[in-house]
Amino acid sequence: MRGDLNLDTVELKVLLNGKFGDANFRNAYVIVILNAQEKKNNAEAPTAALSVQTVAAPIVPVPFKGNGTESDPYVILAEPSTWVQLTATPSVKEGSLQTATAKWTVVNNASLNRAGNVIQAQAPAKAYDETDKTTVTKLVYSIDNYNPTVDGKKTVTGKVYVEIRATGEAVNPSDTYDLTLGGILAGKGIVYANKQIINGTNNVYKIPQNADVVVYASATEIDANKTLDFDGVAVTLKSADNSASFKMTKSFALVLTSKNTAPSTIAPEVVKLTSVGGVTAKWAPDAAADGIPNEVLLPANGSVNVPKVAGKITLTANGTGKVVGTSVAVTASGALGTNWYDANDATAANKQIATSTSSTDITLYALSKLTPATGISASGTVNGTAVTVSAGTATYVPVNVELTLSGGSGDAYVKYEGATAPKTAAAGSGIEKVTLVDTKDIGVVSMVKANLGEGVSATADGQALTDGSFVDATENVTFTVSSDKAVVADKAGNGYGEAITAAAPLTKGEVYEAYTKVSVEASIAKVQLTADKFGNPRELTAGAAKTWGFAAGSTINIVGTKAASSIQVTAGSQTDVDADAADASTKISEIVKGVEGAADPGGHEATAEILVAERALSFKQA
């Protein structure tokens, strides 16, 4: 049985030997296929890569295992009751992802469902039990792919299955820390833990251990953006919603003695340092003081709080990038030690970043250089911050961040390493997005695709091109065909066109075909073609020496003037044959008929009707 049949449609008839009850009964001697339909080709089901990170600082990746299938889901291991952020990156080889259908479904908790590729979900409070395997948070990501070219199902849904399991000891709701609100917050704050309201007694609130806590106040108490360190608990004040947020890692008193202010001996103001892309560093104060640590280490992809005082961040590693910056995009026209920094530089000032009493939170990004050609720009996001590369501007950008390219005058973008842009690129090397992954300098140019028909050879910058190759939009291309052919630009599919005889840049979207060469001298008046699909006559004006290409099988009329009585054709070794003579077709196979002209004003123009074949033809008047 053929493997390309739809087995659901196969209908068989089995003819048995003998009659019912005989010993030979049930021995089949013929099997007849009554019905069998060809298997239809359905659209491809999308797949999706998964990335997971913590929600609370420090923002770090969260490992997982599995294949994402229903039988072998991705399994995320997290501490009890902690929140993680899941990001799905869908892809498909053929078809079109229907991004509007992307969604996360939380099994048995529809109120937490989210549209799009990103969701935040909480690990169970109880540790995973291998015996009952029920304490899990289950999620399903889904997105549709549409492919109109298949003959089966044109829309197919892809799914990714995920489980979040709590590790270690289960968090008992009775395992709590005490949060005390004091000073101007006493009796005024509204406390939420893990998005649930908590009621307190005498300004003391029982908060589950490691819970994410938000205390909402009013503008009278909080209207600034700053972070205070309460005995190792980083409390972030936000003016937008007059809140204080933190992770409940111990019992402590949240006390504001006046608006936005806590006693510096109890809760000094701090600055958060964050590493992106594997950057490592150490912070030290400019002057030692009571309550100020001598050194704070920043781990790769982690974050730490340092006192908001005069000090210096000294880079110890650039991570996966070439340099380090405090912005997500730094133009390369800047300077080392001012606009970007290098942990490997021998000069201290080139790898140090100062902090002060006016500093805000600092993020250290691992950066490498992207150089887009004139007219090309790029954009993306890293940790919710927009990355923008201006057109034609060499820029240091974060590594491992996908940037979408735009602009340029070509058919596709081509990336390259180093400082010298290529003039050509192989077929299939075009890109729409670019991601820098290491210390290499990357450039991007816009190139035109070479659409070469059968029999057309081409070179550019000394490189041979194939159909689908890419060429710089300003680079001259030289075409080569056999002596009987001419290269014609014919994206409209007319089947004819003026021959390209000199090297020139490609035209975006153009198709270059090899057609039979037809040349005329200045004495030929015009070339008439068959009418177009609307019945309109078509003709090409000559009056000068010209060369065209016509698709084999085309019928054309070569028209002279009334002042001459014959048109002569050369085809291969047959030269100067009267093409308009009545018997011309017996001499030149391409000639269908000739209409002899006359010199008098009442006569007809000399005309030869030609069926273009594979031989090159040239015409003149005698």
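Residues numbered from 1 in each chain as written. Predicted model: local features only at pLDDT ≥ 70, side-chain atom pairs only at ≥ 80, totals over all residues. Heavy atoms only, no water.

1. Quick notes on the pattern of salt bridges
Considering all chains together, one arrives at 14 salt bridges under this definition. A salt bridge links Asp-223 to Lys-259; its shortest N-O distance comes to 3.2 Å. Of this pair, Asp-223 sits in the loop between β16 (212-216) and β17 (226-230) while Lys-259 sits in the loop between β20 (252-256) and β21 (269-276), and the two are 36 residues apart along the sequence. Overall, Asp-223 belongs to the partly exposed group, its relative accessible area being 35%. (Salt bridge = Lys/Arg side-chain N within 4 Å of Asp/Glu carboxyl O. Helix = DSSP H or I, 4+ residues; strand = E, 2+ residues; numbered from the N terminus. Buried < 20%, exposed > 50% of the residue type's maximum accessible area, 1.4 Å probe, protein only.)

2. Remarks on the side chain of Asn-260
Within the secondary structure layout, Asn-260 lies in the loop between β20 and β21. Using a relative accessible area of 8% as the deciding quantity, one classes Asn-260 as buried. Setting aside anything within four residues of it in sequence, one finds Asn-260 in contact with Glu-221, Ile-222, Asp-223, Ala-224, Lys-226, Leu-228 and Leu-237. (Contact = heavy atoms within 4.5 Å.)

3. As for the environment of Thr-575
On the secondary structure map, Thr-575 appears in strand β51 (residues 574-578). The partly exposed category is assigned to Thr-575, whose relative accessible area is 49%. Placed 13 residues apart in sequence, Thr-575 and Ile-588 show a C-alpha to C-alpha distance of 9.8 Å.

4. A short note on the packing of aromatic side chains
Per the counting criterion, the structure on display carries 8 aromatic pairs. Relative to Tyr-396, the ring of Trp-340 lies with its centre 4.7 Å away and its plane at 50°, an arrangement referred to as tilted. Of this pair, Trp-340 sits in the loop between β27 (330-331) and β28 (352-355) while Tyr-396 sits in strand β32 (residues 395-398), and the two are 56 residues apart along the sequence. Judged by its relative accessible area of 9%, Trp-340 falls in the buried class. Its relative accessible area of 7% is what places Tyr-396 among the buried residues. Here the aromatic residues Phe-230, Phe-246 and Phe-252 are joined through ring pairs into a cluster of three or more. A cation over a ring is seen here: Arg-165 above Tyr-128, with NZ or CZ 4.2 Å from the ring centre. Taking NZ or CZ as reference, Lys-195 lies 4.2 Å from the ring centre of Trp-83, over its face. (Phe/Tyr/Trp six-rings, centres within 6.5 Å; stacked < 30°, edge-to-face > 60°. Lys NZ or Arg CZ within 6 Å of the ring centre and 35° of its normal.)

5. A short note on the sheet that holds strand β22 (residues 280-285)
Sheet strands pair via backbone hydrogen bonds, and the direction of the pair is either parallel or antiparallel. Ordered in space as β23-β22-β25-β28, the 4 strands form an open sheet in which the pairing is antiparallel. Each edge of the open sheet carries a strand with a single partner, namely β23 (296-298) and β28. In this sheet, neighbouring strand axes are inclined to one another by 25° on average, regardless of whether the strands run parallel or antiparallel. The sheet contact formed by strand β25 (residues 311-317) and β28 spans 4 bridges and is antiparallel. Across the sheet, the residue bridging to Ile-313 is Ile-353, located in β28. (Pairing = 2+ DSSP bridges. Axes fitted to C-alpha atoms, helices over the stretch in contact; angles between N-to-C directions.)

6. Quick notes on the sheet that holds strand β3 (residues 47-54)
An order of β3-β6-β9 is seen for the 3 strands of this open sheet, with the pairing classed as antiparallel. Each end of this open sheet is capped by a strand with a single partner; those strands are β3 and β9 (118-122). The sheet shows a mean angle of 25° between the axes of neighbouring strands, taken without regard to direction. Both strand β6 (residues 83-91) and β9 contribute to a ladder of 5 bridges, which runs antiparallel. Opposite Gln-85, over in β9, you have Gln-120 as the bridge partner.

7. Considerations on a nonpolar patch on the surface
On the surface, Leu-12, Ile-31 and Ile-33 cluster together into a nonpolar patch covering about 290 Å² of accessible area. Looking at the secondary structure, you find Ile-33 in strand β2 (residues 27-35). Ile-33 sits in the partly exposed class, given a relative accessible area of 48%. (Patch = residues over 30% accessible without salt bridge, like charges linked within 9 Å, V, L, I, M, F, W, Y side chains within 5 Å. Areas by Shrake-Rupley, 256 points an atom, 1.4 Å probe, with all protein chains shown as cover.)

8. Brief notes about the nonpolar core
Nonpolar side chains tend toward joint burial in soluble globular proteins. Residues Leu-179, Ile-207, Val-213, Phe-246 and Leu-254 are the most contacted members of the largest nonpolar core, which totals 25 residues. Looking at this core, the elements that each hand over two or more residues are β12 (176-183), β13 (190-193), β15 (204-208), β16, β17, β18 (233-238), β19 (243-247) and β20. Sequence-distant contacts of Ile-207, defined by excluding residues within four places in its chain, comprise Asp-175, Thr-176, Tyr-177, Leu-179, Val-191, Ala-193, Ile-198, Val-213 and Met-248. Counting residues in each nonpolar core, the second largest holds 24 residues, with Val-323, Val-389, Tyr-396 and Leu-405 among its members. (Core = buried A, V, L, I, M, F, W, Y, C linked by side-chain atoms within 4.5 Å.)

9. Comments concerning the pairing of strand β11 (residues 155-166)
The buried fraction of β11 is high, at 9 of 12 residues. Note: strand β5 (residues 74-78) against β11, 5 bridges, orientation parallel. Along β11, the bridge assignment pairs Ala-78 with Ala-166. Bridge count for strand β10 (residues 137-146) against β11 is 10 bridges, and the pairing is antiparallel. In the sheet register, Thr-137 faces β11, and the bridge partner there is Ile-164.

10. Some thoughts on the confidence of the model for the protein chain
A low pLDDT means the predicted coordinates there should not be read in detail. Chain-level pLDDT for the protein chain is 85 on average; 88% of the residues reach the 70-or-more range. The spread of mean pLDDT over the elements of the protein chain runs between strand β52 (residues 591-595), the lowest at 61, and strand β42 (residues 478-480), the highest at 95. (pLDDT = per-residue confidence, 0-100.)

11. Observations regarding the side chain of Glu-475
Mapped onto the secondary structure, Glu-475 falls in the loop between β41 (470-472) and β42. Buried within the structure, Glu-475 lacks any salt-bridge partner; its nearest side chain of opposite charge belongs to Lys-423, at an N-O separation of 4.3 Å. In contact with Glu-475, not counting residues within four places along its chain, are Lys-423, Ala-460, Asp-461, Ala-504, Pro-505 and Leu-506. (Lys, Arg positive; Asp, Glu negative; His and termini not counted.)

12. As for the environment of Asp-212
Inspection of the secondary structure puts Asp-212 in strand β16. Of the residues examined, Asp-212 reaches a relative accessible area of 22% and is grouped as partly exposed. When the C-alpha positions of Asp-212 and Trp-83 are compared, they lie 8.5 Å apart, and in sequence the two are 129 residues distant. Polar side-chain contacts of Asp-212 include one of 3.3 Å to the side chain of Lys-247. (Polar contact = N/O pair within 3.5 Å; in protein donor to acceptor, adjacent residues only side chain to side chain.)

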